[in-house]
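Next come the chains, spelled out residue by residue.
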Amino acid sequence: TRDAAKNWQTHVKNMLMKMDIQIGEYTQSSFHNSEGMAGMVHGDDFVILGTERQLMEVARKLDGQLQLNKPFLGPGKSVKCEKEGRVLGVWWVV
């Protein structure tokens, strides 16, 4: 129902705000922090852009609250990363 979607969005917003992440001014689906990390959420899919350290920190904090499937896309210096994958129906290759 629409209430379920609204309740989930409110839950995500509150969870991110507790992590000192600012919610987008024009859409609650986008977010960022003061260190340059940025992201968006669509339903239960999160896409986050940032340094490897930022991504690991956000994943660690979210993992305590959500069940994560953490495919990372990128060069992967200290973290195993995939070189390609589907995100929100779009195929990405690094």
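This one's a predicted model, so the numbers in the text were calculated from it and none came from an experiment. (Residues numbered from 1 in each chain as written. Predicted model: local features only at pLDDT ≥ 70, side-chain atom pairs only at ≥ 80, totals over all residues. Heavy atoms only, no water.)

Draft legend 1. Fine view of unusual backbone geometry. Backbone geometry at aspartate 20 places phi at a positive 60°, although glycine is not the residue there. Among the structural elements, aspartate 20 can be located in the loop between α1 (2-18) and β1 (22-23). Backbone geometry places leucine 88, a non-glycine residue, at a positive phi of 50°. Looking at the secondary structure, you find leucine 88 in the loop between β5 (84-87) and β6 (90-93). (Helix = DSSP H or I, 4+ residues; strand = E, 2+ residues; numbered from the N terminus.)

Draft legend 2. Here's a closer look at the nonpolar core. One finds Val12, Met15, Leu16, Met19, Ile21, Ile23, Phe31, Met37, Val41, Val58, Leu62 and Leu66 forming the largest nonpolar core, which totals twelve residues. Those elements that provide at least two residues to this core are α1 and α2 (52-63). If you tally residues by element for this core, the top one is α1, at three residues. In terms of nonpolar packing, the next biggest core, distinct from the first, is built from five residues, Leu55, Ala59, Val79 and Cys81 among them. (Core = buried A, V, L, I, M, F, W, Y, C linked by side-chain atoms within 4.5 Å. Buried < 20%, exposed > 50% of the residue type's maximum accessible area, 1.4 Å probe, protein only.)

Draft legend 3. Local environment of the environment of glycine 43. Along the chain, glycine 43 falls in the loop between β3 (38-42) and β4 (45-49). Residues glycine 43 and methionine 19, 24 residues apart in the sequence, show an inter-C-alpha distance of 19 Å.

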